[in-house]
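Here are the chains, one letter per residue:
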Amino acid sequence: MKLVTILIPAYNEEAVLNPCYQRTVQVLRSLTGYYFELLFVNDGSQDDTLTIIRSLRRLDPRVAFVNLSRNFGKEIAMIAGLDYAQGDAVILMDADLQDPPELIPELLKYWEQGYDDVYARRRSRNGESWLKKVTSARFYRLLQKTTRIPLQADTGDFRLLDRRAVQAVRRLRETQRYTKGMFSWIGFNKKEILFDREPRAAGSSKWHYPKLINLAIEGITSFTVAPLRLSSIAGSFVSLFAFLYMLFIIVRTLLFGNRVGGYASLMAVILFLGGIQLLSIGLIGEYLGRVFNETKHRPLYFVDEFNGEKVEASTPRQETIRRETS
Ligand code: UDP
Ligand code: MG
């Protein structure tokens with residue numbers, strides 16, 4: 001029988017943990033063909049979250065937990081959970097019941113059909129402000145424009161990942177994590193299902209606007225070097241224009257003279273230096289972009305199949321061969 005891990009990051013969720021556990025277990029009762037592991041990641045909560053998780057584990061051996069040393073934020077809590085998850089598949093779910101556990105059977109159904117990443121897309125967002133909906137739609141569109149990788153709009157972290165996809169995400173060890181972008185980046189066979197996002201069951205959202213803006217900037221800057229490219233393109237344009245204008249002033253002064261003494265030479269120096277500076281900043285930006293991408297130490301690719309056989313994402317091919325032959 002296959003083992004499925006349900007991964008739930010929790011930060012100050014004492015108000016919802018018990019209802020979350022009850023509702024999830026209710027759903028799991030109908031799924032007899034699987035073993036389940038409910039893996040909670042306590043992300044340095046200051047309330048009774050950890051105590052509740054401990055008592056759940058005493059009652060139910062399927063409950064496991066990772067207790068982080070302090071609050072690291074949801075992105076890190078998720079990779080910690082993925083590192084500790086033992087399942088053949090991992091379902092990522094919020095603790096606040098905004099991601100309905102009733103969807104688990106459907107996620108599993110598509111997993112059985114061979115999909116590696118079954119993600120739940122929000123058909124509607126109840127209980128979210130008009131402003132949040134508009135800004136988030138804008139953000140996704142902007143981010144998609146900067147990259148060739150197809151991004152999933154209106155999709156959170158609620159999804160089922162096959163072991164291979166989990167292994168793939170585990171190999172992305174960058175510290176500034178934008179996990180949603182990573183799910184897109186790793187590729188593999190994706191399947192979308194739709195759901196209605198409910199308002200939070202209890203407790204309060206840990207996301208307020210400053211934090212959301214941070215996540216958005218994180219998203220753009222950790223996902224693409226497009227802003228750097230933009231500045232080097234703008235720099236080239238401006239410096240080209242400055243150079244042409246400098247030539248124009250020099251020629252005009254030579255032909256017609258200029259009553260303001262020193263104007264032409266001053267202008268020429270300013271434009272020339274300004275242009276050179278912009279160009280070199282752009283140039284530095286280009287190299288910085290490369291350094292940035294290299295320091296992520298990402299694997300170059302993941303393979304879906306080799307000669308028709310599904311390939312694990314944990315180690316590159318040559319290492320597998322070496323291990324097999326030694
Ligand atoms: N969360 C976390 N660490 C944090 C903030 C949030 O583990 O620093 C968890 C939180 O407990 C919840 C999930 O991430 O399970 C989503 O958080 P929240 O509901 O506050 O975000 P929203 O649904 O409002 O986007
Ligand atoms: Mg929530």
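About the cut-offs
- Residues numbered from 1 in each chain as written.
- Chains lettered and ligands numbered in written order.
- Predicted model: local features only at pLDDT ≥ 70, side-chain atom pairs only at ≥ 80, totals over all residues.
- Heavy atoms only, no water.
- UniProt positions renumbered as here; feature names shortened; annotations may be inferred.
- Core = buried A, V, L, I, M, F, W, Y, C linked by side-chain atoms within 4.5 Å.
- Buried < 20%, exposed > 50% of the residue type's maximum accessible area, 1.4 Å probe, protein only.
- Helix = DSSP H or I, 4+ residues; strand = E, 2+ residues; numbered from the N terminus.
- Contact = heavy atoms within 4.5 Å.
- Pairing = 2+ DSSP bridges.
- Axes fitted to C-alpha atoms, helices over the stretch in contact; angles between N-to-C directions.
- Phe/Tyr/Trp six-rings, centres within 6.5 Å; stacked < 30°, edge-to-face > 60°.
- Lys NZ or Arg CZ within 6 Å of the ring centre and 35° of its normal.
- Near = heavy atom within 4 Å.
- Polar contact = N/O pair within 3.5 Å; in protein donor to acceptor, adjacent residues only side chain to side chain.
- Areas by Shrake-Rupley, 256 points an atom, 1.4 Å probe, with all protein chains shown as cover.
- Nonpolar A, V, L, I, M, F, W, Y, C, P; charged D, E, K, R; others polar.

Per an unreviewed UniProt entry, the chain goes by Glycosyltransferase family 2 protein and derives from Sporolactobacillus sp. Y61. Per UniProt, the comment on the chain under Subcellular location (unreviewed entry) is "Cell membrane".

A. Structural view of the nonpolar core. Formed by 36 residues in total, the largest nonpolar core has its most connected members in Ile104 and Leu108. The leading source of residues in this core is helix α1 (residues 17–29), at six residues. Residues contacting Leu108, with those up to four places away along its chain left out, are Val4, Leu31, Tyr34, Phe36 and Leu160. Counting residues in hydrophobic clusters, the runner-up holds 26 residues, among them Leu7, Val66, Ile79 and Ala168.

B. Layout of the sheet that holds strand β4 (residues 89–92). Pairing is mixed in the open sheet, where seven strands are placed in the order β3-β2-β1-β4-β6-β5-β7. Bordering the open sheet on either side are β3 (63–67) and β7 (190–197), each of which pairs with just one other strand. Neighbouring strand axes in the sheet, compared pairwise and without regard to direction, differ in orientation by 25° on average. As paired strands, strand β5 (residues 117–125) and strand β6 (residues 155–162) are joined by four bridges and run antiparallel to one another. When the sheet's bridge partners are listed, Arg121 is paired in β6 with Thr155. The strands touched by helix α7 (residues 179–186) are β4, β5, β6 and β7; relative to β6, the strand with the most contacts, the crossing angle is about 45°.

C. Representation of the environment of Glu305 in the model. Here Glu305 shows up in strand β8 (residues 305–306). Residue classification places Glu305 among the partly exposed positions, given a relative accessible area of 45%. In sequence terms Glu305 and Glu75 are 230 residues apart; their C-alpha atoms lie 29 Å from each other. When neighbours within four sequence positions are excluded, Glu305 is seen to be in contact with Lys310 and Val311.

D. Structural view of α7. Counting buried residues in α7 gives seven out of eight residues, a clear majority hidden from the surface. Looking at α7, one finds that the buried residues are Thr179, Lys180, Gly181, Met182, Phe183, Ser184 and Ile186. Backbone geometry just downstream of α7 places Gly187 in the positive-phi region, at approximately 75°.

E. Examining the packing of aromatic side chains more closely. For the structure on display, the rule yields nine aromatic pairs. Each ring, one from Tyr245 and one from Phe248, has its centre 6.0 Å from the other, and the planes form 25°; the classification is stacked. You can see Tyr245 and its partner Phe248 sitting in helix α9 (residues 226–256), three residues apart, about one turn around the helix. Relative accessible area serves as the criterion here: at 32%, Tyr245 is assigned to the partly exposed category. Here the aromatic cluster, defined as three or more aromatic residues joined through ring pairs, consists of Tyr34, Phe36 and Trp111. Between the NZ or CZ atom of Arg70 and the centre of the ring of Phe72, over which it lies, the distance is 4.0 Å.

F. Molecular detail of the site of ligand 1. In the vicinity of ligand 1 there are 17 residues, among which Asp43, Asp96, Gln98, Ser205 and Trp207 approach most closely. One nitrogen or oxygen atom from the main chain of Pro9 is found 2.7 Å from an oxygen atom belonging to ligand 1. In this structure, Tyr11 approaches ligand 1 through a main-chain N or O atom, which is 2.8 Å from an oxygen atom. Contact with the protein chains hides 94% of the accessible area of ligand 1, taken as 530 Å² for the molecule alone. Class assignment for the residues of the shell around ligand 1 results in five nonpolar, four polar and eight charged.

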